[in-house]
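Spelled out from the first residue to the last, the chains are:
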Amino acid sequence: LFDLEMGEAWRKGFHWHDVHSKELQHLNDKLKPLAQEVKRQWEEHGELNSHAQQLLEEINQGCKKMVWQVYNEAKQLLEKNKTVALVGGDHSSPEGLIQAICDKYNGDVGILHIDAHCDLRQAYQGFEHSHASIMYNVMNYHTPPKKLVQIGIRDFCKEEYDSSLQHPSIETFWDRGLKTQLLEGKPWSVLVDEIVQHLPQNVYISFDIDGLSPSFCPNTGTPVPGGLDFDQAIYLFKKLRHAGKTIVGFDLNEVAPSETPGDEWDGNVGARLLFQLCNLCV
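Not measured: the values here are computed from a predicted model. (Residues numbered from 1 in each chain as written. Predicted model: local features only at pLDDT ≥ 70, side-chain atom pairs only at ≥ 80, totals over all residues. Heavy atoms only, no water.)

Visitor: In this structure, what is going on with the nonpolar core? I would like to understand it.
Guide: In summary, soluble globular proteins display a tendency toward joint burial of nonpolar side chains. Ranked by internal contacts, the top residues of the largest apolar core, which has 33 residues, are Leu112, Ile205, Phe207 and Leu212. Among the elements of the structure, strand 2 (110-114), strand 3 (147-153), helix 7 (188-196), strand 5 (202-208), helix 8 (230-242), strand 6 (246-253) and helix 9 (265-280) are those that each provide at least two residues to this core. If we ignore the near neighbours within four places in the chain, the residues touching Leu112 are Val149, Ile195, Leu199, Val203, Tyr204, Ile205, Ser206, Leu236 and Leu240. Core analysis: the second largest hydrophobic core is formed by 29 residues, Val67, Val84, Val109 and Ile134 among them. (Core = buried A, V, L, I, M, F, W, Y, C linked by side-chain atoms within 4.5 Å. Buried < 20%, exposed > 50% of the residue type's maximum accessible area, 1.4 Å probe, protein only. Helix = DSSP H or I, 4+ residues; strand = E, 2+ residues; numbered from the N terminus. Contact = heavy atoms within 4.5 Å.)

Visitor: Sorry, what's going on with the layout of surface pockets here?
Guide: Empty space among the atoms can be located by rolling a probe the size of a water molecule over them. Taken as a whole, the second largest pocket holds about 230 Å³ of empty space. Around the second largest pocket, the lining is made up of 14 residues, and of these Asp3, Glu5, Ile234, Lys238 and Gln276 lie nearest the centre. Every element with two or more residues in the lining of the second largest pocket is listed here: helix 8 and helix 9. Ranked by residues supplied to the lining of the second largest pocket, first place goes to helix 8 with 7 residues. Looking at the lining of the second largest pocket, its residues break down into 6 nonpolar, 3 polar and 5 charged. (1 Å grid on protein atoms, 1.4 Å probe; cavity = no way out; pocket = protein on both sides within 12 Å on 5 of 7 lines; lining within 4 Å. Points joined across faces, edges and corners; volume = space filled by probe spheres on them. Nonpolar A, V, L, I, M, F, W, Y, C, P; charged D, E, K, R; others polar.)

Visitor: Would you take a moment to explain unusual backbone geometry for this structure?
Guide: Apart from glycine, the bulk of residues carry a negative phi angle, and the bulk of peptide bonds sit in the trans form. Of note in the backbone geometry, Asp119 takes a positive phi value of approximately 60° without being a glycine. With respect to the element layout, Asp119 can be found in the loop between strand 2 and helix 4 (134-139). Judged by its relative accessible area of 3%, Asp119 is buried.

Below, the structure is given as C-alpha coordinates:
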(Lines give C-alpha, C1' and ligand atoms only; values in the text may rest on other atoms or scores of the structure.)
Protein backbone atom coordinates (compact mmCIF):
# COMPACT_ATOMS: atom_id res chain seq x y z
CA LEU A 1 0.00 0.00 0.00
CA PHE A 2 3.04 2.29 -0.02
CA ASP A 3 2.98 4.78 -2.89
CA LEU A 4 6.06 6.56 -4.22
CA GLU A 5 4.24 9.89 -4.57
CA MET A 6 1.78 9.70 -1.70
CA GLY A 7 3.51 7.52 0.87
CA GLU A 8 0.91 5.84 3.11
CA ALA A 9 -1.99 8.09 2.18
CA TRP A 10 -4.41 5.23 2.84
CA ARG A 11 -3.95 5.77 6.58
CA LYS A 12 -6.06 8.93 6.22
CA GLY A 13 -9.01 6.58 5.79
CA PHE A 14 -10.57 5.04 2.68
CA HIS A 15 -13.98 3.55 3.44
CA TRP A 16 -16.32 1.34 1.44
CA HIS A 17 -19.96 2.35 1.89
CA ASP A 18 -22.15 -0.71 1.37
CA VAL A 19 -25.54 0.14 -0.07
CA HIS A 20 -27.95 -2.76 -0.02
CA SER A 21 -30.92 -1.66 -2.08
CA LYS A 22 -33.46 -4.39 -2.63
CA GLU A 23 -35.51 -1.88 -4.62
CA LEU A 24 -32.71 -1.28 -7.14
CA GLN A 25 -31.95 -5.00 -7.38
CA HIS A 26 -35.62 -5.67 -8.04
CA LEU A 27 -35.71 -2.92 -10.68
CA ASN A 28 -32.60 -4.34 -12.34
CA ASP A 29 -34.03 -7.86 -12.50
CA LYS A 30 -37.33 -6.54 -13.82
CA LEU A 31 -36.07 -4.02 -16.38
CA LYS A 32 -33.12 -5.87 -17.90
CA PRO A 33 -35.26 -8.25 -20.01
CA LEU A 34 -37.44 -5.31 -21.03
CA ALA A 35 -34.36 -3.45 -22.29
CA GLN A 36 -33.30 -6.51 -24.23
CA GLU A 37 -36.71 -6.58 -25.91
CA VAL A 38 -36.45 -2.89 -26.84
CA LYS A 39 -32.98 -3.47 -28.32
CA ARG A 40 -34.31 -6.45 -30.27
CA GLN A 41 -37.07 -4.29 -31.73
CA TRP A 42 -34.56 -1.67 -32.86
CA GLU A 43 -32.20 -4.24 -34.40
CA GLU A 44 -34.85 -6.28 -36.19
CA HIS A 45 -37.28 -3.55 -37.28
CA GLY A 46 -35.44 -0.22 -37.02
CA GLU A 47 -38.31 1.23 -35.02
CA LEU A 48 -40.38 0.55 -31.92
CA ASN A 49 -43.97 -0.63 -31.85
CA SER A 50 -46.37 0.74 -29.24
CA HIS A 51 -45.61 -2.06 -26.79
CA ALA A 52 -41.85 -1.46 -27.01
CA GLN A 53 -42.46 2.28 -26.53
CA GLN A 54 -44.27 1.49 -23.29
CA LEU A 55 -41.38 -0.73 -22.18
CA LEU A 56 -38.92 2.06 -22.99
CA GLU A 57 -40.84 4.55 -20.86
CA GLU A 58 -40.90 2.09 -17.95
CA ILE A 59 -37.13 1.62 -18.27
CA ASN A 60 -36.47 5.36 -18.35
CA GLN A 61 -38.57 5.87 -15.23
CA GLY A 62 -36.68 3.08 -13.48
CA CYS A 63 -33.35 4.66 -14.40
CA LYS A 64 -34.51 7.97 -12.94
CA LYS A 65 -35.12 6.16 -9.65
CA MET A 66 -31.54 4.88 -9.75
CA VAL A 67 -30.17 8.38 -10.38
CA TRP A 68 -32.29 9.79 -7.55
CA GLN A 69 -31.18 7.12 -5.06
CA VAL A 70 -27.48 7.67 -5.87
CA TYR A 71 -28.06 11.42 -5.52
CA ASN A 72 -29.61 11.04 -2.08
CA GLU A 73 -26.92 8.64 -0.82
CA ALA A 74 -24.18 10.97 -2.08
CA LYS A 75 -25.85 14.08 -0.65
CA GLN A 76 -25.96 12.58 2.83
CA LEU A 77 -22.24 11.75 2.69
CA LEU A 78 -21.29 15.15 1.24
CA GLU A 79 -23.15 16.85 4.09
CA LYS A 80 -20.76 15.03 6.44
CA ASN A 81 -17.83 16.56 4.49
CA LYS A 82 -16.82 13.21 3.00
CA THR A 83 -15.13 12.97 -0.39
CA VAL A 84 -17.45 10.65 -2.28
CA ALA A 85 -16.56 8.26 -5.11
CA LEU A 86 -18.64 5.77 -7.04
CA VAL A 87 -17.12 2.53 -8.32
CA GLY A 88 -18.43 0.09 -10.86
CA GLY A 89 -21.41 -0.21 -13.14
CA ASP A 90 -21.61 1.34 -16.57
CA HIS A 91 -21.07 5.05 -17.04
CA SER A 92 -24.69 5.92 -16.28
CA SER A 93 -24.16 4.94 -12.62
CA PRO A 94 -22.52 8.15 -11.29
CA GLU A 95 -25.03 10.63 -12.74
CA GLY A 96 -26.67 11.19 -9.34
CA LEU A 97 -23.29 11.65 -7.64
CA ILE A 98 -22.20 14.28 -10.17
CA GLN A 99 -25.48 16.14 -9.69
CA ALA A 100 -25.01 16.09 -5.92
CA ILE A 101 -21.45 17.43 -6.32
CA CYS A 102 -22.69 20.22 -8.62
CA ASP A 103 -25.36 21.16 -6.11
CA LYS A 104 -22.90 21.25 -3.20
CA TYR A 105 -20.52 23.58 -5.05
CA ASN A 106 -23.25 25.58 -6.84
CA GLY A 107 -21.80 24.54 -10.17
CA ASP A 108 -18.30 25.78 -9.32
CA VAL A 109 -16.69 22.51 -10.34
CA GLY A 110 -15.06 21.11 -13.45
CA ILE A 111 -15.56 17.57 -14.73
CA LEU A 112 -12.42 15.87 -16.02
CA HIS A 113 -13.90 13.16 -18.23
CA ILE A 114 -11.55 10.38 -19.35
CA ASP A 115 -13.29 8.16 -21.89
CA ALA A 116 -13.20 6.74 -25.39
CA HIS A 117 -16.66 8.23 -25.95
CA CYS A 118 -18.23 11.69 -25.60
CA ASP A 119 -21.36 10.38 -23.82
CA LEU A 120 -23.21 13.42 -25.18
CA ARG A 121 -26.13 11.71 -26.91
CA GLN A 122 -29.48 13.13 -25.92
CA ALA A 123 -30.77 9.56 -25.81
CA TYR A 124 -29.37 6.39 -27.39
CA GLN A 125 -32.09 4.16 -28.87
CA GLY A 126 -34.49 6.08 -26.64
CA PHE A 127 -32.69 5.22 -23.39
CA GLU A 128 -32.38 8.56 -21.59
CA HIS A 129 -29.99 7.48 -18.84
CA SER A 130 -27.61 5.10 -20.59
CA HIS A 131 -23.83 5.31 -20.56
CA ALA A 132 -24.09 7.15 -23.90
CA SER A 133 -25.96 10.09 -22.37
CA ILE A 134 -24.48 10.81 -18.95
CA MET A 135 -22.53 13.92 -19.93
CA TYR A 136 -25.48 15.26 -21.92
CA ASN A 137 -27.61 14.88 -18.78
CA VAL A 138 -24.93 16.42 -16.56
CA MET A 139 -24.49 19.45 -18.80
CA ASN A 140 -28.27 19.97 -18.95
CA TYR A 141 -28.79 19.62 -15.20
CA HIS A 142 -30.33 22.68 -13.49
CA THR A 143 -26.94 23.28 -11.80
CA PRO A 144 -24.42 22.18 -14.45
CA PRO A 145 -20.67 22.14 -13.86
CA LYS A 146 -18.64 25.17 -14.85
CA LYS A 147 -16.57 23.11 -17.25
CA LEU A 148 -16.48 19.68 -18.90
CA VAL A 149 -12.98 18.74 -20.08
CA GLN A 150 -12.82 15.50 -22.07
CA ILE A 151 -9.71 13.52 -23.02
CA GLY A 152 -9.16 10.21 -24.78
CA ILE A 153 -12.25 10.75 -26.96
CA ARG A 154 -12.08 8.74 -30.18
CA ASP A 155 -15.51 7.20 -30.83
CA PHE A 156 -18.48 9.57 -31.31
CA CYS A 157 -21.34 10.51 -33.60
CA LYS A 158 -21.90 13.76 -35.51
CA GLU A 159 -24.43 14.96 -32.91
CA GLU A 160 -21.84 14.63 -30.15
CA TYR A 161 -19.09 16.22 -32.23
CA ASP A 162 -21.26 19.26 -32.94
CA SER A 163 -22.30 19.53 -29.29
CA SER A 164 -18.72 19.44 -28.07
CA LEU A 165 -17.74 22.25 -30.47
CA GLN A 166 -20.78 24.44 -29.88
CA HIS A 167 -21.21 24.19 -26.13
CA PRO A 168 -19.29 27.04 -24.45
CA SER A 169 -18.51 24.97 -21.34
CA ILE A 170 -17.15 21.86 -23.10
CA GLU A 171 -13.49 21.47 -24.05
CA THR A 172 -12.68 18.21 -25.85
CA PHE A 173 -9.13 17.00 -26.42
CA TRP A 174 -9.69 14.47 -29.19
CA ASP A 175 -7.47 11.43 -28.91
CA ARG A 176 -6.31 11.70 -32.51
CA GLY A 177 -5.26 15.30 -31.98
CA LEU A 178 -3.31 14.46 -28.82
CA LYS A 179 -1.61 11.50 -30.50
CA THR A 180 -0.70 13.57 -33.56
CA GLN A 181 1.01 16.14 -31.34
CA LEU A 182 2.83 13.39 -29.44
CA LEU A 183 4.03 11.79 -32.67
CA GLU A 184 5.26 15.17 -33.87
CA GLY A 185 7.37 15.60 -30.74
CA LYS A 186 5.22 17.61 -28.34
CA PRO A 187 5.82 16.34 -24.78
CA TRP A 188 2.97 14.77 -22.81
CA SER A 189 3.86 17.13 -19.96
CA VAL A 190 3.03 20.15 -22.12
CA LEU A 191 -0.21 18.61 -23.36
CA VAL A 192 -1.28 17.82 -19.81
CA ASP A 193 -0.56 21.40 -18.72
CA GLU A 194 -2.88 22.58 -21.49
CA ILE A 195 -5.59 20.18 -20.30
CA VAL A 196 -5.28 21.13 -16.63
CA GLN A 197 -5.42 24.89 -17.28
CA HIS A 198 -9.00 24.52 -18.57
CA LEU A 199 -10.18 23.15 -15.21
CA PRO A 200 -11.38 25.32 -12.30
CA GLN A 201 -10.14 24.85 -8.73
CA ASN A 202 -12.65 22.11 -7.84
CA VAL A 203 -12.35 19.03 -10.03
CA TYR A 204 -14.45 15.88 -10.25
CA ILE A 205 -12.89 13.01 -12.21
CA SER A 206 -15.15 10.72 -14.23
CA PHE A 207 -12.98 7.82 -15.41
CA ASP A 208 -14.40 5.31 -17.86
CA ILE A 209 -11.83 2.54 -18.09
CA ASP A 210 -12.16 2.46 -21.89
CA GLY A 211 -10.44 5.84 -21.90
CA LEU A 212 -7.30 3.70 -21.59
CA SER A 213 -5.85 1.67 -24.43
CA PRO A 214 -7.68 -1.68 -24.76
CA SER A 215 -4.41 -3.39 -23.79
CA PHE A 216 -5.23 -2.31 -20.22
CA CYS A 217 -8.96 -3.15 -20.32
CA PRO A 218 -9.53 -5.84 -22.99
CA ASN A 219 -12.81 -7.03 -21.46
CA THR A 220 -14.58 -3.70 -21.07
CA GLY A 221 -17.86 -3.45 -22.92
CA THR A 222 -16.94 -0.96 -25.66
CA PRO A 223 -13.15 -1.01 -26.24
CA VAL A 224 -11.76 1.32 -28.90
CA PRO A 225 -8.22 1.34 -30.41
CA GLY A 226 -6.09 4.24 -29.17
CA GLY A 227 -6.49 5.88 -25.78
CA LEU A 228 -4.21 6.65 -22.86
CA ASP A 229 -1.70 4.27 -21.37
CA PHE A 230 -1.61 3.72 -17.61
CA ASP A 231 1.42 5.96 -16.98
CA GLN A 232 -0.11 8.83 -18.96
CA ALA A 233 -3.18 8.69 -16.73
CA ILE A 234 -1.09 8.61 -13.55
CA TYR A 235 1.00 11.54 -14.81
CA LEU A 236 -2.21 13.49 -15.40
CA PHE A 237 -3.22 12.83 -11.78
CA LYS A 238 0.21 14.04 -10.64
CA LYS A 239 -0.14 17.26 -12.62
CA LEU A 240 -3.58 17.91 -11.13
CA ARG A 241 -2.09 17.63 -7.67
CA HIS A 242 0.93 19.81 -8.45
CA ALA A 243 -1.41 22.43 -9.92
CA GLY A 244 -3.13 22.61 -6.54
CA LYS A 245 -6.51 21.42 -7.78
CA THR A 246 -8.99 20.14 -5.22
CA ILE A 247 -10.40 16.73 -6.13
CA VAL A 248 -13.97 16.82 -4.84
CA GLY A 249 -15.02 13.34 -5.96
CA PHE A 250 -14.62 10.76 -8.69
CA ASP A 251 -16.04 7.68 -10.34
CA LEU A 252 -14.33 4.69 -11.95
CA ASN A 253 -16.57 2.57 -14.12
CA GLU A 254 -16.89 0.01 -16.94
CA VAL A 255 -14.18 -2.29 -15.50
CA ALA A 256 -15.28 -5.78 -16.55
CA PRO A 257 -13.90 -9.24 -15.74
CA SER A 258 -12.58 -11.76 -18.21
CA GLU A 259 -14.47 -14.98 -18.83
CA THR A 260 -11.12 -16.80 -18.80
CA PRO A 261 -10.47 -18.40 -15.38
CA GLY A 262 -7.49 -16.83 -13.65
CA ASP A 263 -7.37 -13.78 -15.94
CA GLU A 264 -7.49 -10.86 -13.52
CA TRP A 265 -5.80 -8.21 -15.70
CA ASP A 266 -8.79 -5.85 -16.03
CA GLY A 267 -9.44 -5.98 -12.30
CA ASN A 268 -5.72 -5.52 -11.57
CA VAL A 269 -5.56 -2.34 -13.64
CA GLY A 270 -8.88 -1.08 -12.27
CA ALA A 271 -7.82 -1.64 -8.65
CA ARG A 272 -4.55 0.22 -9.18
CA LEU A 273 -6.35 3.15 -10.79
CA LEU A 274 -8.82 3.20 -7.91
CA PHE A 275 -5.98 3.31 -5.38
CA GLN A 276 -4.35 6.22 -7.21
CA LEU A 277 -7.62 8.11 -7.39
CA CYS A 278 -8.19 7.61 -3.67
CA ASN A 279 -4.67 8.87 -2.95
CA LEU A 280 -5.37 11.92 -5.09
CA CYS A 281 -8.25 12.91 -2.79
CA VAL A 282 -6.18 12.96 0.40
